[in-house]
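# What the coordinates show
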Amino acid sequence: MIFSEFLTRQSLDKLVEPFMRMLDDLTPYYQARMASLSPQQRKIVEFLCDRRHGVPVKEIAQRCFLTHQTTSSQLKDLREKGYVTSDAIGRESFYEMREPLMRFCLEVKKQRGEPIQLFVDFLRIWYTKEELLQRLGLTDDDLQYQQRLKPLPSDAVLEREYILYALQAMDNEDENPRIAACLQEYENCFEKEDYVTALELTEKLVTIRGQAEDWCKRGLCLSNLKRYEEVLVSFDHAIELNPNDAQAWKLRGGLLDNLNRYEEALVSCDKAIELGYQNSCVFLNRAIAILGLNRWDEGIAALENAFQRFTLDNEADADDAKLITHILFNSSNNVEIWRSRIKTLIELYHKHQVISTLGQGLVKSVPTLMSEMVSDKAAQTWLEVWRELASDYPEFQIPLRLLDTAVRYKETKGNKRVLFSLPIEERKLLEPLLGIE
């Protein structure tokens, strides 16, 4: 806050001199604090100042030539005295300096005459690489940016030097071990479907690094927790950071499908494809969006295109329940349209050897059928059409049985006795879809 008035786009030079004076004034105080530490503790503090980010105990012990037990004991004492702070990720604790000013003072004393690393970091984080190149006047004139920065004046020698250091740091940046630990623990939690803990880890990643990839991971966790509006904020932020992130556009398209915002979903899917994303799932999301807009023939052609991109070991990952719901609600209860469209879907899924997923989609669409917008008569007719067209397929035996039970449950106004016509394992599948705890 004290130095904020110096942070203008015109000159970084004016900030360096008063900042150095402040550090010189504070140095005796921090030297006295260092003198009060034991030799082992001073060694640890100096190492953490050099590393400038969180470091696991094992690495601190190795680099300071101490045993793990001694290092843990000394770190505990330093934390109680207020010198260091720790952050737990999984089973590992990462330690770093608690007071940045102490680190700055020791760093500058050690590296007198070299650029102040804080300013290098500021430039590296505040500006993109393209913007720094613009400041040096090295950017290709043909490139267009939303906000083009003016090149530095010829007399801004110091700032030019700092920008060059910042660009070099971008090219030679070593990965923070805390980031690697966060990523590993995130993968573990996500695989175990512990999305709450995974979300906490993505919050750390966003704070430590804040790349588009980190915001996408945050969005995936929120999506699995069904916090969809927050998901959209995450993907929008990822795209703001990197408008050419094809995966962020793809994920955004799938989310907007779930929110029934099909026009926007289609735009996002098309953008992901334009940026080179060729995974079949984006083509499936695109087909769902088109079908959601009730452009049936175009949507089926898009679905065919998506299925052609699958291999036998890469089974369809479409939201089949969403496709089935489109038929239910976009056909004005016209039985002939239902029959024609369901027949088309069955033939298409059978042709591409993924018909079992359509059966699963039929089961997953049960909550939609339970809606007050669907009458008992319409639900019964829906069941009869599916029976007529799908009963010859072995893959539909269980789905049709579950659908039949769901329709009878609806007609009896939630009589649970109906459910006992199913074996317990099938009943357990259906009960959550009917909203039964």
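Residues numbered from 1 in each chain as written. Predicted model: local features only at pLDDT ≥ 70, side-chain atom pairs only at ≥ 80, totals over all residues. Heavy atoms only, no water.

Now for helix α16 (residues 296-307). Under the 1.5 Å per step criterion, the end-to-end length of α16 is 16 Å for 12 residues, consistent within 8% with the ideal 16 Å. Among the residues making up α16, those that are buried are W296, G299, I300, A302, L303, E304, A306 and F307. Residues of α16 that are buried sit in contact with α15 (280-292), α17 (320-329) and α18 (335-351). (Helix = DSSP H or I, 4+ residues; strand = E, 2+ residues; numbered from the N terminus. Expected span 1.5 Å × (residues − 1). Buried < 20%, exposed > 50% of the residue type's maximum accessible area, 1.4 Å probe, protein only. Contact = heavy atoms within 4.5 Å.)

Moving on, we come to the sheet that holds strand β2 (residues 84-89). Taken together, 3 strands build an open sheet; the order of strands is β1-β3-β2 and the sheet is antiparallel. If you trace the sheet from one side to the other, it starts and ends with β1 (55-56) and β2, each paired once. Summarising the sheet, β1 and strand β3 (residues 92-97) pair through 2 bridges and their orientation is antiparallel. By the bridge assignment for β3, V55 is matched with Y95. Against the sheet, helix α2 (residues 39-51) contacts β1, β2 and β3, and its axis sits at roughly 90° relative to β3. (Pairing = 2+ DSSP bridges. Axes fitted to C-alpha atoms, helices over the stretch in contact; angles between N-to-C directions.)

Quick look at the environment of L291 now. Mapping L291 onto the fold places it in helix α15. Assessed through its relative accessible area of 3%, L291 is described here as buried. Counting along the chain gives 35 residues from L291 to H326, while the straight-line C-alpha distance between them is 6.7 Å. Those residues in contact with L291 that lie beyond four places of it in its chain are W296, G299, I300, L323, H326 and N330.

In this section: the pairing of β3. Examined bridge by bridge, β2 and β3 share 6 bridges and lie antiparallel to one another. Across the sheet, the residue bridging to V84 is M97, located in β3.

Ranked by internal contacts, the top residues of the largest apolar core, which has 80 residues, are L303, I342, Y349, W382 and W386. The leading source of residues in this core is α15, at 9 residues. The residues touching W386, leaving out its near neighbours within four places in the chain, are I324, I342, I346, L362, S391, F396, L400 and L403. In terms of nonpolar packing, the next biggest core, distinct from the first, is built from 42 residues, Y30, M34, L48 and Y127 among them. (Core = buried A, V, L, I, M, F, W, Y, C linked by side-chain atoms within 4.5 Å.)

Enumeration over the complete set of coordinates arrives at 1 cavity of 30 Å³ or more. In this structure, the largest cavity spans a volume of roughly 30 Å³. Taken together, I324, T325, L328, S365, T368, L369 and W382 make up the lining of the largest cavity. Going through the elements one at a time, α17 and α20 (366-369) are the ones with two or more residues in the lining of the largest cavity. The element contributing the most residues to the lining of the largest cavity is α17, with 3 residues. Each residue belonging to the lining of the largest cavity can be placed in one class, and the counts come to 4 nonpolar, 3 polar and no charged. (1 Å grid on protein atoms, 1.4 Å probe; cavity = no way out; pocket = protein on both sides within 12 Å on 5 of 7 lines; lining within 4 Å. Points joined across faces, edges and corners; volume = space filled by probe spheres on them. Nonpolar A, V, L, I, M, F, W, Y, C, P; charged D, E, K, R; others polar.)

Moving on, we get to the confidence of the model for the chain. Averaged over the chain, the pLDDT score is 85; the fraction of residues at 70 or greater is 90%. Contacts of residues 140-147 to residues separated by more than four positions or lying in other chains number 8 contacts, the stretch itself having pLDDT below 50. Confidence over residues 312-316 falls short of pLDDT 50; this stretch has 10 contacts with residues more than four positions distant or in other chains. (pLDDT = per-residue confidence, 0-100.)

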